[in-house]
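# Observations on chain architecture
Here is how the chains run, residue by residue.
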Amino acid sequence: MRSLNRLKWLHAFEATARHGSFTGAAQELGVTPAAVGQLVRALEDWVGHPLLHRTRTGKERLTLVSEAQDALRDITLGLDNLESGLNKLRGRRARSVVIITASQVLVMNWLMSRLNRFSQTHENIELRLNVTEKLMDVAHGEADLGVRCGKGDWPGVNKTWLMDEEAVLVCSPRMVPVDKIACGEWLAAQKLIHDDTPHPGAHFPAWDDVLHATHAPAVRDSGLHINSTSAVILAAISGQGVAIVRRALVQQLLTDGQLVQLHPDTRWPLTWSYYIVTPQHAVMRPEVKIFNDWLIGDVLAEIAAISAMMPAHK
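The name recorded for the protein in an unreviewed UniProt entry is Gcv operon activator, from Citrobacter werkmanii.

Quick look at the structure:
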């Protein structure tokens, strides 16, 4: 009789063995390192002996005991076969469906319009959207393709660079006179909107840095603090103040005139970029490749159009 109720133990063990740490496995599985450790220990209790050597130093602090080496190959093969079987269950009817995953802010402010344009010209391909902050959907094959913004150091997925990102200053056009768009004194007199959403490793500029770069006097006002990038953008549109945002998330709003960019000659490049991510061990189905290639072409065309309108970088 198959012990299928122990699949979670095997999944956690296989990921831990590949990464050499509970932390790496947890990042891939979308859970905490403590949860991975508990699953691995449950498997060790069941087999009756340790499966990993645990050390306190070194990059890979967990290594397989010799008895587990051969077993790991069978476990990895078994998990791959299970994934293949699940994909076959989707059958031919699912072959025209592409499941896409992205974060909420990216969907609302960047991806949705592109999905609509794609659907207008590819009526035979159905797009399904899974909105989540986690990457595990793609790594585990629960989504065909994801779009993510970050440093690109996600384990368990293939990554294709899409475009770089930068921060820009924006506000409602109702707020700023035309002759004040590049005025530091005017900027310092406005309410400053702070995006308190974490941007780990992005080098996202703080307001002190922006005020210094734009030769604006220092301000004491704490401004408006918001812990949602989407809400920051909405606050800027409604004229509640000036915001620092990622360009890609507001480019359409700038083009439509709902927002205006302040100090357009000054650049704040980020170390985050946009990537298409796909499952590492899955062959890209034809319809997924069609969407993948279309998205790359759509983004490149937009970048070219924006670059033609933008002033040269200082």
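Structure's up, so let's keep going.
Another point: the overall build of the protein. Looking only at helices and strands, the protein features 11 helices and 11 strands. Counting only C-alpha atoms and orienting by the principal axes, one finds that the protein spans roughly 75 × 50 × 30 Å. The proportion of buried residues among the 314 residues of the protein is 46%. Restricting the contact set of the protein to residue pairs at least 6 apart, pairs at least 24 apart contribute 76%. Working note: accessible area of the protein is about 17,100 Å², and carbon and sulfur atoms make up 54% of it.

Scanning the entire structure with this criterion turns up 11 salt bridges. Salt-bridge contacts for D298 lead to R117; the nearest nitrogen and oxygen are separated by 2.7 Å. Taken together, the positions of D298 in helix 11 (residues 286-309) and R117 in helix 5 (residues 104-121) put the pair 181 residues apart, joining distant regions of the chain. Between K289 and D293 there is a salt bridge whose closest N-O contact spans 2.6 Å. Residue K289 and its partner D293 are located together in helix 11, separated by four residues, close to a single helical turn. Residue K289 is classed as partly exposed on the basis of its relative accessible area, which comes to 44%. A relative accessible area of 37% means that D293 is categorised as partly exposed. Taken together, the salt bridges that share partners define one network made up of R114, R117, D298 and E302.

What follows is about the packing of helix 5 against helix 11. The contact between helix 5 and helix 11 brings their axes to 11 Å, and the two run at 120 degrees. In terms of orientation, helix 5 lies oblique with respect to helix 11. Our pair here, helix 5 against helix 11, has a crossing hand that is right-handed. Counted together, W110, R114, L115, R117, F118 and T121 of helix 5 and I290, F291, W294, L295, D298, V299 and E302 of helix 11 form the full contact between these two elements. Broken down by class, the residue content of the contact of helix 5 with helix 11 amounts to eight nonpolar, one polar and four charged.

Most of strand 9 (residues 242-246) is tucked away: five of the five residues are buried. Of the two faces of strand 9, the one lined by V242, I244 and R246 and the one lined by A243 and V245 are each fully buried. As judged from the four bridges shared by strand 6 (residues 157-171) and strand 9, these two strands associate in the antiparallel manner. Note that in strand 9 the partner of L169 across the bridge is I244. Two elements, strand 7 (residues 192-195) and strand 9, share two bridges in a ladder whose sense is parallel.

One non-glycine residue, H203, adopts positive backbone phi at about 60 degrees. Note on H203: relative accessible area 61%, which makes it exposed. The phi angle at H215 is positive, at roughly 60 degrees, despite the residue not being glycine. Secondary-structure assignment places H215 in the loop between helix 8 (207-213) and strand 8 (224-226). Residue classification places H215 among the exposed residues on the basis of a relative accessible area of 68%.

Glancing now at the layout of surface pockets. Take a probe with the size of a water molecule and roll it over the atoms, and the empty space left behind shows itself. In this structure, the second largest pocket spans a volume of roughly 690 Å³. Contributing to the lining of the second largest pocket are 25 residues, with S103, E133, C149, P198 and W272 lying nearest its centre. Broken down by secondary-structure element, the contributors of at least two residues to the lining of the second largest pocket are helix 5, strand 5 (145-150) and helix 9 (229-237). In terms of residues, the lining of the second largest pocket owes the most to one element, strand 5, which gives four residues. Of the residues in the lining of the second largest pocket, the class split is nine nonpolar, 10 polar and six charged.

Another aspect to go through is empty space enclosed by the protein. Overall, the coordinates contain one cavity of 30 Å³ or more when judged by the stated rule. Its volume calculated, the largest cavity comes out at about 70 Å³. Of all the secondary structure elements, the ones that give two or more residues to the lining of the largest cavity are helix 5 and helix 10 (247-256). For the lining of the largest cavity, the element with the most residues is helix 5, which contributes five residues. Its residues assigned to classes, the lining of the largest cavity comprises two nonpolar, four polar and three charged.

Counting 43 residues, the largest nonpolar core has W110, V170, V250, F291 and L295 as its most contacted members. Residue contributions to this core peak at seven residues, all from helix 5. Excluding anything up to four places from it in sequence, W110 contacts V105, V147, L162, M163, A248, L249, L295, V299 and E302.

Conventions adopted
Residues numbered from 1 in each chain as written. Predicted model: local features only at pLDDT ≥ 70, side-chain atom pairs only at ≥ 80, totals over all residues. Heavy atoms only, no water. Helix = DSSP H or I, 4+ residues; strand = E, 2+ residues; numbered from the N terminus. Buried < 20%, exposed > 50% of the residue type's maximum accessible area, 1.4 Å probe, protein only. Contact = heavy atoms within 4.5 Å. Areas by Shrake-Rupley, 256 points an atom, 1.4 Å probe, with all protein chains shown as cover. Salt bridge = Lys/Arg side-chain N within 4 Å of Asp/Glu carboxyl O. Axes fitted to C-alpha atoms, helices over the stretch in contact; angles between N-to-C directions. Parallel < 35°, antiparallel > 145°, perpendicular 65-115°, else oblique. Left-handed = near helix turned anticlockwise from the far one by under 90°. Nonpolar A, V, L, I, M, F, W, Y, C, P; charged D, E, K, R; others polar. Pairing = 2+ DSSP bridges. 1 Å grid on protein atoms, 1.4 Å probe; cavity = no way out; pocket = protein on both sides within 12 Å on 5 of 7 lines; lining within 4 Å. Points joined across faces, edges and corners; volume = space filled by probe spheres on them. Core = buried A, V, L, I, M, F, W, Y, C linked by side-chain atoms within 4.5 Å.

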